Amino acid sequence: MINILFFAQLKELFGQASVELNIETPCTVAQIKQSLIHNHSAWAEQLNKPTIMCAVNQDMVADDHIVNANDEVAFFPPVTGG
(Lines give C-alpha, C1' and ligand atoms only; values in the text may rest on other atoms or scores of the structure.)
Protein backbone atom coordinates (compact mmCIF):
# COMPACT_ATOMS: atom_id res chain seq x y z
CA MET A 1 0.00 0.00 0.00
CA ILE A 2 1.28 3.46 -0.94
CA ASN A 3 -0.08 6.71 0.44
CA ILE A 4 -0.50 9.30 -2.32
CA LEU A 5 -0.85 12.98 -1.40
CA PHE A 6 -2.10 15.81 -3.60
CA PHE A 7 -1.28 19.45 -2.90
CA ALA A 8 -2.44 22.88 -4.03
CA GLN A 9 -4.40 22.92 -7.30
CA LEU A 10 -4.32 19.11 -7.64
CA LYS A 11 -6.01 18.71 -4.27
CA GLU A 12 -8.77 21.11 -5.36
CA LEU A 13 -9.21 19.60 -8.83
CA PHE A 14 -9.25 15.99 -7.58
CA GLY A 15 -11.52 16.80 -4.64
CA GLN A 16 -9.32 14.98 -2.16
CA ALA A 17 -6.00 15.44 -0.40
CA SER A 18 -4.91 11.81 -0.50
CA VAL A 19 -5.61 8.29 -1.68
CA GLU A 20 -4.19 4.92 -0.77
CA LEU A 21 -3.01 2.94 -3.77
CA ASN A 22 -2.76 -0.82 -3.71
CA ILE A 23 -0.05 -1.47 -6.27
CA GLU A 24 2.63 -4.12 -6.53
CA THR A 25 5.96 -2.75 -5.34
CA PRO A 26 8.64 -1.92 -6.08
CA CYS A 27 7.32 0.24 -8.90
CA THR A 28 8.16 3.58 -10.49
CA VAL A 29 6.52 6.96 -10.08
CA ALA A 30 5.44 6.65 -13.74
CA GLN A 31 3.66 3.38 -12.94
CA ILE A 32 1.90 5.04 -10.01
CA LYS A 33 0.71 7.84 -12.28
CA GLN A 34 -0.62 5.31 -14.79
CA SER A 35 -2.42 3.37 -12.06
CA LEU A 36 -4.01 6.57 -10.73
CA ILE A 37 -5.10 7.52 -14.26
CA HIS A 38 -6.49 4.01 -14.82
CA ASN A 39 -8.60 4.38 -11.66
CA HIS A 40 -9.49 8.07 -12.23
CA SER A 41 -9.38 8.88 -15.95
CA ALA A 42 -10.37 12.50 -15.30
CA TRP A 43 -7.00 13.01 -13.58
CA ALA A 44 -4.99 12.18 -16.72
CA GLU A 45 -4.64 15.73 -18.01
CA GLN A 46 -3.23 17.01 -14.73
CA LEU A 47 -0.97 14.07 -13.88
CA ASN A 48 0.51 14.01 -17.41
CA LYS A 49 1.53 17.67 -17.35
CA PRO A 50 5.33 17.95 -17.56
CA THR A 51 5.27 20.63 -14.86
CA ILE A 52 3.73 18.37 -12.19
CA MET A 53 6.32 17.60 -9.55
CA CYS A 54 6.68 14.51 -7.38
CA ALA A 55 8.30 13.79 -4.03
CA VAL A 56 8.80 10.40 -2.44
CA ASN A 57 9.27 10.51 1.32
CA GLN A 58 9.72 14.28 0.96
CA ASP A 59 12.58 14.03 -1.57
CA MET A 60 12.05 15.40 -5.09
CA VAL A 61 12.21 12.59 -7.66
CA ALA A 62 11.77 11.88 -11.37
CA ASP A 63 9.24 9.53 -12.97
CA ASP A 64 11.78 6.68 -13.08
CA HIS A 65 12.30 6.74 -9.29
CA ILE A 66 11.61 3.43 -7.55
CA VAL A 67 8.82 3.46 -4.95
CA ASN A 68 8.52 0.80 -2.25
CA ALA A 69 5.63 -0.32 -0.06
CA ASN A 70 4.68 2.17 2.65
CA ASP A 71 6.41 5.08 0.87
CA GLU A 72 4.66 8.44 0.80
CA VAL A 73 4.28 9.88 -2.69
CA ALA A 74 3.23 13.50 -3.19
CA PHE A 75 2.18 15.22 -6.41
CA PHE A 76 2.01 19.00 -6.72
CA PRO A 77 2.25 21.81 -9.26
CA PRO A 78 5.31 24.06 -9.39
CA VAL A 79 5.52 26.42 -6.45
CA THR A 80 6.24 30.10 -6.81
CA GLY A 81 6.94 32.64 -4.15
CA GLY A 82 7.09 36.34 -3.90
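Refer to the structure above for everything that follows.
Keep in mind that what you see is a predicted model, and the values were worked out from it rather than measured. (Residues numbered from 1 in each chain as written. Predicted model: local features only at pLDDT ≥ 70, side-chain atom pairs only at ≥ 80, totals over all residues. Heavy atoms only, no water.)

Trainee: Give me the overall build of the protein chain: which residues, what numbers.
Mentor: The secondary structure content of the protein chain amounts to three helices and seven strands. Listing the helices and strands of the protein chain from first to last along the sequence gives β-α-β-β-α-α-β-β-β-β. Its C-alpha radius of gyration of 12 Å places the protein chain within 12% of the 12 Å reference for a compact globule of 82 residues. Dimensions along the principal axes, computed over C-alpha positions, put the protein chain at roughly 40 × 25 × 20 Å. Evaluated residue by residue, the protein chain yields a buried proportion of 40% over its 82 residues. Contacts spanning at least 24 positions in sequence make up 54% of the contacts within the protein chain whose residues lie at least 6 apart. With the model as given, the accessible surface of the protein chain reaches about 5000 Å², and the carbon-plus-sulfur share is 48%. (Helix = DSSP H or I, 4+ residues; strand = E, 2+ residues; numbered from the N terminus. Rg over C-alpha atoms; globule rule 2.2 N^0.38 Å. Buried < 20%, exposed > 50% of the residue type's maximum accessible area, 1.4 Å probe, protein only. Contact = heavy atoms within 4.5 Å. Areas by Shrake-Rupley, 256 points an atom, 1.4 Å probe, with all protein chains shown as cover.)

Trainee: Can you tell me about the packing of aromatic side chains, naming the residues and giving the values?
Mentor: Counted under the stated rule, the structure contains three aromatic pairs. A centroid spacing of 5.2 Å and a plane angle of 75° characterise the contact between F6 and W43, whose relative ring orientation is edge-to-face. Here the residue F6 occupies a position in strand β1 (residues 2–6), and W43 occupies one in the loop between α2 (29–39) and α3 (44–47), the gap between them amounting to 37 residues. Exposure remark for F6: the relative accessible area of 1% places this residue in the buried category. Taken together, a centroid distance of 4.2 Å and an interplanar angle of 15° make the contact between F14 and W43 stacked. Here F14 is found in helix α1 (residues 9–14), whereas its partner W43 is found in the loop between α2 and α3, with 29 residues between them in sequence. Accessibility classification places F14 together with W43 in one group, the buried group. Following the ring pairs from residue to residue traces out a cluster consisting of F6, F14 and W43. (Phe/Tyr/Trp six-rings, centres within 6.5 Å; stacked < 30°, edge-to-face > 60°.)

Trainee: Explain the sheet that holds strand β4 (residues 53–56) residue by residue, including any values.
Mentor: The strand order across the open sheet built from five strands is β2-β1-β7-β4-β5, with neighbouring strands paired in mixed fashion. This sheet does not close on itself; its edge strands, each paired only once, are β2 (18–21) and β5 (59–61). Neighbour to neighbour, the strand axes of the sheet diverge by 30° on average, direction disregarded. Taken together, the four bridges between β1 and β2 define a ladder with antiparallel strand orientation. Note that in β2 the partner of I2 across the bridge is L21. (Pairing = 2+ DSSP bridges. Axes fitted to C-alpha atoms, helices over the stretch in contact; angles between N-to-C directions.)

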